[in-house]
Amino acid sequence: MDPMAAIRETFFQECEEQLAALEAGLILMESGAAEAETVNAVFRAVHSIKGGAGIFALDALVRFAHVFETALDQVRSGTLATTQAVLNLLLRAADALADLVRAARENGTVDEARTAALVVEFTQISTHGHEQPPTPAPAPPAASPAWHISFTPAASLYAKANETALLLRELRRLGPIEATLDSSRLPELSELDPEGAYLTWNITLAADCTELAIRNVFEFVEDDCQLTITSATPPEPGLKPGDVITGDNGFSFEFFPPPVFDEEEAVPPPPVEPEHHEPPATPLARQNPVETMAAKAESAAAVSATIRVDLDRVDRMIDLVGELVINEAMLSQRVLEAGIARASGVAMALEELEHLTREIQDSVMAIRAQPVRSVFQRMPRLVREVAAQTGKQARLVTEGEGTEVDKTVIERIADPLTHMIRNAIDHGLESPEKRIAAGKPAEGLVRLTALHRSGRIVLEVSDDGAGINRARVKEKAIANGLIAPDAALTDDEIDNLIFLPGFSTASTVSDISGRGVGMDVVRQSVVALGGRISISSRPGQGSTFTLSLPLTLAVLDGMVISARGHTLIIPLGAIVETLKPKAADVFPLDGEINLIHLRGGYVPMVDIAASLGYCDELIEPNQSVALLVEGESGMRAVLLADAIHGQRQVVIKSLEANYRAIPGIAASTVMGDGSVALILDVDAVVKTTRSELNRSESSLLEAR
Amino acid sequence: MENTHSGTATLALPPILDLTAAAAVLENFLTRRGKPLSVNAAEVQRLGGQCLQVLLCARAAWAADEQELRLDSCSEEFLAALDLLGVPPKILTYCKEMPA
């Protein structure tokens, strides 16, 4: 990749992080749990985005970030009180900033009217809560304040993709500048290093700003240039680093050089007003840089504890570990074939190797594991926007943000979650008036929870709305021809109808959800991830969508079985129990399908080999082993196989990617002997059986 | 890039004169050294400090060689960048005081 493009990409990655920090901080402030550091962190986030954007000349972004930053600075210094209105504005500004970043990244466009409106709001709010307007305040005492800046970039400045012209342009935002160039150090043309740096700029800046504001312009290049900033305003030029002030009481104080970090801006060393030079004012000014340095050291430590690695490298490693697992399985197979005793040294060493392989695999998977926080963090904004669009009041509560899941899963749950939350607000929550009438608080609650449960991640989206209107769902399903008018369905079955394609109860199609593709699409994408989705709803009290997903998409614990000579893998998570069926427990139903009497209930039996078309003849139940499996939303079936060979961890090799999708087969894997085995799609098999069964089942129940 | 008529070489500057362009621009100047040169900056969109160095150096070299260095049709962006960087366009050119 072109180095500039790579740097740009890094910038946008960092932007994402900063935006997440920004949003998290603002939400903390909103909840009242903010500390002083929270405000600083929020400010830093915007400031860093602005700084980076300046380097890439993303002017629109810089302009907006600047306005945003100014307001945040006022909040930080306490001149702007964080009322609900202000926080609201800040949150919306954070959304707008995210849009601007995205637009810059994708070369897209943003709703400029919206950004402009926010800028106007900011100016209004800052003149309101602020006695004097912030930046361009006319300086009372000094007639024409000016700064002399001598700036000598080093070659490393250019090498890091910074550019003098951009810095000067940034400087010009503070006030009119006049630059003169000192080119005396330029060598002869033939000796010129095109990537060297030989120039010094002497700049006069006519602006009433603090020295810090100027230093901030150079913040990102400070290590790569020589920079001196002197005030051109006559004597008493504020306090320069190194100045020592001694008060009447003998108290003396040396000024620290302004730190690179921006926290200090909260208490900018005032350049002119003389009363600030009195000793009592100084300890305050001093304390801050010290804190700043501490904070800087802390954040530096936090940064060095992580590294950024290209995802491709991790993926390659995972592939290789997958191969290692397969290889290890092959080795055990060979050892077994060689007839080496179980207690022999070879077998023991092999066992150790197996443990080690497993551990390596877990560790590699852990590299890809990420907290779901990154997805959860996008949701508050969604809730705000959807609530505003629908005229409802909604609050989002998230739990378990730290739950870790494989990165691929994280990337792919964002869309289904977005859909589910939209649905929860649009369809789940009632309007404030209705809620109050029902004796609930006007503000609806949407709860988003993540947790680990038996090797899977479970995500729940629940609302405290009206719950599913079952009568209407059923009516609609009949109207759409999805179910027979006389179908006898349990409440649960009715609730799950909303996952059927082409279903929507919303009488009006809104922007937000309810085009009748929503939950169907959600379900499809969840199933594609090897997950399940179900809903439980209580009228008047709300609905809960539960999404259960495998933690990783790369390996799977499976049961190895054989069916008519074919080796198949059944995901262990789907298996409830295994049993030897007795002929007495088997009841034929409707010719093709048998039911088995199991713990007081009847479960349909599926001959795996027959269902996959390996043979036409059904296996005799008493000649087979049975596996009771549970599909999504708890549908059960008994799978019949010839034999169970044991449990093993298999590496998932996508069938779609290597061949094509096959109904009833989820994926494939390579076995220890090098043969390819198919992984059964339990849900699909169970569902096919169930639908075949549906017609006859009710008649059977009546007969008993 | 180069075509010679009436003894004056020409050099068209690329649109983006940043760090990555500096070496090529320098090379272009070096190969045209010793002859009068007309530099065309009509396409320039962005000018960085390092290319400016090359331009300044080239001007000094052409002056030392007593060869004419002209700046033809500058783009607005080029002039704006020069202004920002505190470089009047005329100090990038060299005219022999007396015709040779």
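Residues numbered from 1 in each chain as written. Chains lettered and ligands numbered in written order. Predicted model: local features only at pLDDT ≥ 70, side-chain atom pairs only at ≥ 80, totals over all residues.

**Some thoughts on the overall build of chain B**
Turning to step 1, where the next piece is worked out: Looking only at helices and strands, chain B has three helices and five strands in total.
Turning to step 2, where the next piece is worked out: Reading the helices (α) and strands (β) of chain B from amino to carboxyl end gives β-β-α-β-β-α-β-α.
Turning to step 3, where the next piece is worked out: Within chain B, counting contacts between residues at least 6 apart in sequence, those at least 24 apart form 82% of the total. (Helix = DSSP H or I, 4+ residues; strand = E, 2+ residues; numbered from the N terminus. Contact = placed C-beta atoms within 7 Å.)

**Some remarks on the overall build of chain A**
Turning to step 1, where the next piece is worked out: Tallying secondary structure elements over chain A gives 21 helices and 24 strands in all.
Turning to step 2, where the next piece is worked out: Classification of the 704 residues of chain A by burial places 34% in the buried group.
Turning to step 3, where the next piece is worked out: Pairs at least 24 apart in sequence give 68% of the contacts found in chain A among residues at least 6 apart. (Buried ≥ 20, exposed ≤ 12 C-beta atoms within 10 Å, placed from the backbone.)

**Examining the interface of chain B and chain A**
How big an interface is tends to be stated in terms of accessible area lost as the parts join.
Turning to step 1, where the next piece is worked out: Counting residues at the interface gives 23 residues for chain B, matched by 21 residues for chain A.
Turning to step 2, where the next piece is worked out: Residue contributions to the side of chain B that touches chain A peak at nine residues, all from helix H2 (residues 49–65) of chain B.
Turning to step 3, where the next piece is worked out: The residue makeup of the side of chain B that touches chain A, split by class, is 17 nonpolar, five polar and one charged. (Nonpolar A, V, L, I, M, F, W, Y, C, P; charged D, E, K, R; others polar.)

**Overview of the sheet that holds strand E23 (residues 665–670) of chain A**
Residue and element names in this part refer to chain A.
Turning to step 1, where the next piece is worked out: With mixed pairing, five strands are arranged side by side in an open sheet as E22-E14-E15-E24-E23. With one partner strand each, in any of the chains shown, strand E22 (643–651) and E23 form the two edges of the open sheet. Averaged over neighbouring strand pairs, the angle between their axes works out to 35° when direction is ignored.
Turning to step 2, where the next piece is worked out: One ladder, built from six bridges, connects strand E14 (residues 555–563) with strand E15 (residues 566–571); its direction is antiparallel. Within the sheet, the bridge partner assigned to Met559 lies in E15 and is Ile570. (Pairing = 2+ DSSP bridges. Axes fitted to C-alpha atoms, helices over the stretch in contact; angles between N-to-C directions.)

**Some words on the nonpolar core**
Turning to step 1, where the next piece is worked out: Membership of the largest hydrophobic core comes to 61 residues, with the highest contact counts inside it found for Leu205(A), Val25(B), Cys51(B), Val54(B) and Ala58(B).
Turning to step 2, where the next piece is worked out: Residues within four places of Leu205(A) in sequence aside, it is in contact with Ala146(A), Trp147(A), Ile149(A), Leu171(A), Leu174(A), Gly175(A), Ile177(A) and Ile214(A).
Turning to step 3, where the next piece is worked out: Of all hydrophobic cores here, the second largest spans 41 residues; its members include Val325(A), Ala609(A), Ala641(A) and Val685(A). (Core = buried A, V, L, I, M, F, W, Y, C linked by C-beta atoms within 7 Å.)

**Some points on helix H10 (residues 311–337) of chain A**
Residue and element names in this part refer to chain A.
Turning to step 1, where the next piece is worked out: Its 27 residues place the ends of H10 39 Å apart at the C-alpha level, agreeing with the 39 Å of an ideal helix rising 1.5 Å per residue.
Turning to step 2, where the next piece is worked out: Among all positions in H10, only Ile318, Val321, Gly322, Val325 and Ala329 are buried.
Turning to step 3, where the next piece is worked out: Its buried side turned inward, H10 meets helix H11 (345–368) and E22.
Turning to step 4, where the next piece is worked out: Gly339 occupies a position one or two residues after H10 and carries a positive phi of about 70°. (Expected span 1.5 Å × (residues − 1).)

**Quick look at the sheet that holds strand E1 (residues 9–12) of chain B**
All names here are of chain B.
Turning to step 1, where the next piece is worked out: Read from one edge of the open sheet, three strands run E1-E3-E5, paired in parallel fashion. On the outer flanks of this sheet lie E1 and strand E5 (69–72), each paired with one strand and no other. Shown here is a sheet whose adjacent strand axes are inclined to one another by a mean of 20°, direction ignored.
Turning to step 2, where the next piece is worked out: Direction of pairing for strand E3 (residues 37–40) relative to E5: parallel, over a ladder of four bridges. Bridge pairing in E5 links Asn40 to Asp72.

**Describing helix H1 (residues 3–31) of chain A**
Residues and elements named next belong to chain A.
Turning to step 1, where the next piece is worked out: Over its 29 residues, H1 extends 42 Å from the first C-alpha to the last, a length consistent with the 42 Å expected when each residue adds 1.5 Å.
Turning to step 2, where the next piece is worked out: Taken residue by residue, H1 has Phe11, Cys15, Gln18, Leu19, Leu22, Glu23, Gly25, Leu26, Ile27 and Met29 as its buried positions.
Turning to step 3, where the next piece is worked out: Positive backbone phi, at 85°, marks Gly32, one or two positions downstream of H1.

**Examining the pairing of E15(A)**
All names here are of chain A.
Turning to step 1, where the next piece is worked out: Here E14 hands over to E15 after two residues, with Arg564 in that stretch at a positive phi of 50°.
Turning to step 2, where the next piece is worked out: The pairing of E15 with strand E24 (residues 676–680) spans two bridges and is parallel. Residue pairing for E24: Leu568 is matched across the bridge by Leu678.

**A short note on the confidence of the model for chain B**
Residue and element names in this part refer to chain B.
Turning to step 1, where the next piece is worked out: With 88% of its residues at a pLDDT of 70 or more, chain B shows a mean pLDDT of 81.
Turning to step 2, where the next piece is worked out: By mean pLDDT, the top-scoring element of chain B is E3 (88), and the lowest-scoring one is E5 (84).
Turning to step 3, where the next piece is worked out: The low-confidence segment residues 1–5, where pLDDT is below 50, has seven contacts with residues more than four positions distant or belonging to other chains.
Turning to step 4, where the next piece is worked out: Our summary of model confidence lists the complex with pTM equal to 0.47 and ipTM equal to 0.86. (pLDDT = per-residue confidence, 0-100.)

**Some points on unusual backbone geometry**
Residue and element names in this part refer to chain B.
Turning to step 1, where the next piece is worked out: Even without being glycine, Glu66 reaches a positive phi, approximately 55°.
Turning to step 2, where the next piece is worked out: Considering the arrangement of structural elements, one finds Glu66 in the loop between H2 and E5.
Turning to step 3, where the next piece is worked out: Notably, Ser73 is not glycine yet its phi reads approximately 25°, a positive angle.
Turning to step 4, where the next piece is worked out: Along the chain, the position of Ser73 falls in the loop between E5 and helix H3 (76–84).
Turning to step 5, where the next piece is worked out: Residue classification places Ser73 among the exposed positions, given that 12 C-beta atoms sit within 10 Å.

**A look at the environment of Glu163(A)**
Turning to step 1, where the next piece is worked out: One can find Glu163(A) in the loop between helix H6 (155–159) and helix H7 (164–172).
Turning to step 2, where the next piece is worked out: Here Glu163(A) falls in the buried class, since 24 other C-beta atoms lie within 10 Å of it.
Turning to step 3, where the next piece is worked out: On a C-alpha basis, the gap between Glu163(A) and Val221(A) in space is 9.4 Å, while along the polypeptide they are 58 residues apart.
Turning to step 4, where the next piece is worked out: When residues no more than four places from it in sequence are discounted, the contact partners of Glu163(A) are Asp18(B), Gly48(B) and Gly49(B).

**What to know about the packing of H1(A) against helix H2 (residues 36–55) of chain A**
Each pair of packed helices can be summarised by the angle the axes make with each other and by the distance between the axes.
Residues and elements named next belong to chain A.
Turning to step 1, where the next piece is worked out: Relative to each other, H1 and H2 sit at 155°, their axes nearing to 8 Å. On the basis of their axis angle, the class for H1 and H2 is roughly antiparallel. Seen along the crossing, H1 lies across H2 with a hand that is left-handed. Across the interface between the two elements, Phe11, Glu14, Cys15, Gln18, Ala21, Leu22, Gly25, Leu26, Leu28 and Met29 of H1 pack against Thr38, Val39, Ala41, Val42, Ala45, Val46, Ser48, Ile49 and Gly52 of H2. (Parallel < 35°, antiparallel > 145°, perpendicular 65-115°, else oblique. Left-handed = near helix turned anticlockwise from the far one by under 90°.)

**As for the packing of H10(A) against H11(A)**
Residue and element names in this part refer to chain A.
Turning to step 1, where the next piece is worked out: The geometry of H10 relative to H11 is characterised by a closest axis approach of 10 Å and an angle of 160° between their N-to-C directions. Comparing their axes, H11 and H10 come out roughly antiparallel. Where H10 crosses over H11, the handedness of that crossing is left-handed. In this structure, H10 uses Val314, Met317, Ile318, Val321, Leu324, Val325, Glu328, Leu331, Ser332 and Val335 to contact H11, whose residues at the interface are Val346, Ala347, Leu350, Leu353, Glu354, Thr357, Ile360, Gln361, Val364, Ile367 and Arg368.
Turning to step 2, where the next piece is worked out: Among the residues making up the contact of H10 with H11, the classes are represented as 15 nonpolar, three polar and three charged.

**A closer look at the environment of Val603(A)**
All names here are of chain A.
Turning to step 1, where the next piece is worked out: Within the secondary structure layout, Val603 lies in strand E19 (residues 601–607).
Turning to step 2, where the next piece is worked out: Judged by the 20 C-beta atoms lying within 10 Å of it, Val603 falls in the buried class.
Turning to step 3, where the next piece is worked out: Remark: the alpha-carbon pair of Val603 and Val586, spanning 17 residues in sequence, is separated by 9.7 Å.
Turning to step 4, where the next piece is worked out: Leave out the neighbours within four places in its chain, and Val603 touches Leu595, Ile596, Leu598, Leu628, Arg636, Ala637 and Val638.

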